[in-house]
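Listed below are the residues making up each chain.
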Amino acid sequence: MKNFLRTLAFVLLSQSVVAQGVISGIVTNKKTGEPVAFAHVELLNTYKKAVSTGKGTFKLTGIQPGDYQLQISHVSFRDTIAEITIKGKEEMHIALTPAVTMTGHMTVSAVRATENTPATLTTVEKREIEKINLGQDLPYLINHTPSVVSTSDAGTGIGYTGLRIRGTDMNRINVTINGIPLNDAESHSVYWVDLPDFASSVQSIQIQRGVGTSTNGAAAFGASINIASDNNKKDPYMLASTATGSFNTMKNSLSFGTGLMKERFSLDGRLSRVYSDGYVDRAFAKLYSVYLSAGYTSKNTNIKVLGWSGKEITYQAWGGVDPEIIDSARTYNPLGIYIDDNGQVQYYDNQVDDYLQSHYQVHLSQQCSDKWNINAAVHYTRGIGFYEQFKQEQSFDDYQITFPVIGDDTIFSTDLVRRKWLDNHFYGATFSAIFYNKKKVHLTIGSAANRYNGAHYGTLQWMKISGDAQKGDRWYENDGVKTDYNIFSKVNYSLNKIISLYGDLQYRYIQQKMEGIDDDLRDISQEHRFSFFNPKAGVNLQFSDRHRTYLSVAVANREPNRSNFTDAHPEQPLPRPERLYNLEIGHHASWQMLAMQANLFGMYYTDQLVLTGEINDVGDAIMTNVDQSFRAGVELALAWKISGYLEWEINATLSKNKILEFTAFVDDWDTWSQQNEYMGTTTIAFSPEVVASSMVSYIPFENAAVRFVSKYVGKQYIDNTASEDRKLDPWLVNDVQLHYRCNSKQFEKVSFNLMFNNIFNTRYVSNAWVYRYYDGGEDYTMKGLYPQAGFNVLGGITIAI
């Protein structure tokens, strides 16, 4: 450690002493001559970056003499790369050509943070996604960003996958695509399996940790993920890619675009198919998707129409593996297993999820003046599908079927196949107006109105003994309606060249109604209304192009989700909304070959909903409000260009995640009641104290790279009691990635990607469930563990025409 610090100090000192060059300049609109604000200026192959001011000016200091390329980019202009030789102080005038095709950042700009917003964030660009996009779901493509832990039911990153950020689970992370909410309105969660290969149509992903900036949809209660879909391309193209690997994994994708037609129109599209057997037994995934995007542009008006659809058929693998057998039967899948009439073990072939989800968006962007821009969008999402189960010895009474009589015998149960359906519609509109005063003010005003209609019902597909039931009969049915309105205003105000202030006010109104009976035949009819005010404020200090410090404070409120209400005990108070107070303090420092970032965060919750072990009147687990809890820690990141051939990037999160005054409840089978155990202060489940990633990149020659990638996740508890008997062991997984791109006479570009995952064949478990109970006075525990794949390989080729 001492040697490392000495080396780091030497690098910093040498940068200060040797690097004397300065680049200053102005960025303007090539057509009008007007200054361009918020243009990103980057000295390629270094960590020197800047953002142009309201007057279009920028400055980069501390540059070693030599030949460089300066890249200037802006969402409204074409990227420009300028050659420059640094000898001392250099001045440049960069004229940008306005973009004539639609970008994917119209409504996105209203919900994303800008360079001078005091927010903790990471942005993943398309060029990084392309290097690892071989069929795995999006949580695995951002797994090495700070504080992220990904998991997969099938063990491969394909099919049902999820992620946590700072220990925050998926139903507390706000996700938008082009500013349109993606989270399910009822569960608040995101099912990435419904977006097969969507990463192939993504331009960039911004991950804001903490409350972040105001956005549309469910509350950002720990993090938000803002996805921008692909830009329409200027020139015609066709892109074919295929990938294959372990577990019979296969991905095929074809993308195409017309380019700009008559200087006004463009059309882009993609077709994809992904298949994998999965690491876990029978955990196959059959995924299909289609994507289309049409753009129109004129001098001041841009219109973009998008539609994509994803179809998934996945064998259920959410049961987990009993820890008693995981060493000998690591891939065992308990779902779909039954005993036939001959006493033989069989597997039901169609124990699957089968779901189709289609999204439609229309975006309008109107440039009203050099200071005002208006964005509006309408959207509609249609989802329909089911999961099917073979169930043995099911009571007729549970399905509202009269007990059949055969001869003199009354039959009380039978084997059957059932389907649980989701049939929903989600639609709405968003609006934002952006004002920019070139000297001091950047103001965004936004609003949204969304409505969800969802039907939940169960049908009987087959019964060994049917009685008076018919195929397709419904044994339960309920409907949910949810309306969500929000309005927000965000402002960045520059006091001077160093200090800018940030303010963000949001108001949300939610109305939720449920009617009908649930699958356990309980009447769940109820209605709820919520009003939330979410203020945020901060300050950004831009001391120079090398150093930036920010501080922000924010409040977020979140309504309980559907299951919190439907599973609540009828004789106890209803679950209360949760509240989060968030403090973020960060510092960014960069030199020519070195960049560092440190962020301190504190997240204090009141009334956080957690599992305590309490049950409702029919024995189902319920989420319970706990008075006080918190997450606090530090996020560190470092990027070091050690030489022209070698680069090292590393990030680490160190945190404490606690519930204060926690009481656990445990079922007592002897008395058919519950025992309570006061635990005091305990650790929040699935919240490791250490999460770290490392990536060492070696560039042996142009257009080729070898990466050694590592991910470490510390110990996690699988319930809120902090018991060593109920934990996930820490794991360290190492991958090797190879990338090569070449040009040929026949094709515009050919690129090869090869990934050797988990090269040391580490046996690790990334997720679990647990159930405790007392029987005969003894404490027993049942668990389900989700093992992840050992050593496996994925490889692919992409050809651009």
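Residues numbered from 1 in each chain as written. Predicted model: local features only at pLDDT ≥ 70, side-chain atom pairs only at ≥ 80, totals over all residues. Heavy atoms only, no water.

1. Brief notes about the pattern of salt bridges
All told, the structure shown has 36 salt bridges when counted by the stated rule. Salt-bridge contacts for aspartate 197 lead to arginine 270; the nearest nitrogen and oxygen are separated by 3.8 Å. In this pair, aspartate 197 sits in the loop between β12 (180-181) and β13 (202-210) while arginine 270 sits in strand β17 (residues 265-276), placing the two residues 73 residues apart along the sequence. A relative accessible area of 2% places arginine 270 in the buried class. (Salt bridge = Lys/Arg side-chain N within 4 Å of Asp/Glu carboxyl O. Helix = DSSP H or I, 4+ residues; strand = E, 2+ residues; numbered from the N terminus. Buried < 20%, exposed > 50% of the residue type's maximum accessible area, 1.4 Å probe, protein only.)

2. Looking at the confidence of the model for the protein
Averaged over every residue, the pLDDT of the protein is 91; the share at 70 or more is 96%. Scored below 50 in pLDDT, residues 10-19 makes 14 contacts in the model with residues more than four places away or belonging to other chains. Low pLDDT (under 50) marks residues 100-105, which in the prediction has 29 contacts with non-local residues, meaning those over four places away or in another chain. (pLDDT = per-residue confidence, 0-100. Contact = heavy atoms within 4.5 Å.)

3. What about a positive patch on the surface?
A grouping of Lys30, Lys31, Arg78, Arg264 and Lys299 is seen on the molecular surface, where their side chains present a positively charged patch. Within the secondary structure, lysine 299 is located in the loop between β18 (285-297) and β19 (301-315). A relative accessible area of 77% means that lysine 299 is categorised as exposed. (Patch = residues over 30% accessible without salt bridge, like charges linked within 9 Å, V, L, I, M, F, W, Y side chains within 5 Å. Areas by Shrake-Rupley, 256 points an atom, 1.4 Å probe, with all protein chains shown as cover. Lys, Arg positive; Asp, Glu negative; His and termini not counted. Charge placed at Lys NZ, Arg CZ, Asp CG, Glu CD.)

4. Remarks on the nonpolar core
Residues Val175, Trp192, Ile205, Ile225 and Ile227 are the most contacted members of the largest nonpolar core, which totals 32 residues. Excluding residues that lie within four positions of it along the chain, isoleucine 225 makes contacts with Ile142, Leu163, Ile165, Ile173, Asn174, Val175, Thr176, Trp192, Ile205, Gln206 and Ile207. Residues Ala39, Leu60, Ile63 and Ile72 belong to the second largest nonpolar core, which totals 20 residues. (Core = buried A, V, L, I, M, F, W, Y, C linked by side-chain atoms within 4.5 Å.)

5. Points about the sheet that holds β13
Spatial strand order, β8-β13-β14-β11-β12: five strands in an open sheet with mixed pairing. Each having just a single partner strand, β8 (120-125) and β12 make up the two edges of the open sheet. Direction of pairing for β13 relative to strand β14 (residues 222-229): antiparallel, over a ladder of eight bridges. Looking at β14, one finds that isoleucine 205 is bridged to isoleucine 227. (Pairing = 2+ DSSP bridges.)

6. Notes on the packing of aromatic side chains
In the structure shown here, the tally under the stated rule is 28 aromatic pairs. Between tyrosine 348 and phenylalanine 390, the aromatic rings sit 5.6 Å apart at their centres with planes inclined by 40°, giving tilted as the arrangement. Residue tyrosine 348 is located in the loop between β21 (345-347) and β22 (352-367), and its partner phenylalanine 390 is located in strand β23 (residues 372-395); the two are separated by 42 residues in the primary sequence. The residues tyrosine 348 and phenylalanine 390 share a single accessibility class, namely buried. Ring plane angle 25° and centroid distance 6.2 Å describe the contact between phenylalanine 530 and phenylalanine 565, whose orientation is recorded as stacked. You can see phenylalanine 530 sitting in strand β30 (residues 526-542) and its partner phenylalanine 565 sitting in helix α5 (residues 562-566), a full 35 residues away along the chain. The burial state of phenylalanine 530 is the same as that of phenylalanine 565; both residues are buried. A network of ring pairs unites the aromatic residues Tyr338, Tyr348, Phe390 and Trp462 as a single cluster. The aromatic ring of phenylalanine 601 is capped on one face by arginine 166, whose charged end is 3.9 Å from the ring centroid. One residue, arginine 474, lies across the ring of tyrosine 457, its end atom 3.7 Å from the ring centre. (Phe/Tyr/Trp six-rings, centres within 6.5 Å; stacked < 30°, edge-to-face > 60°. Lys NZ or Arg CZ within 6 Å of the ring centre and 35° of its normal.)

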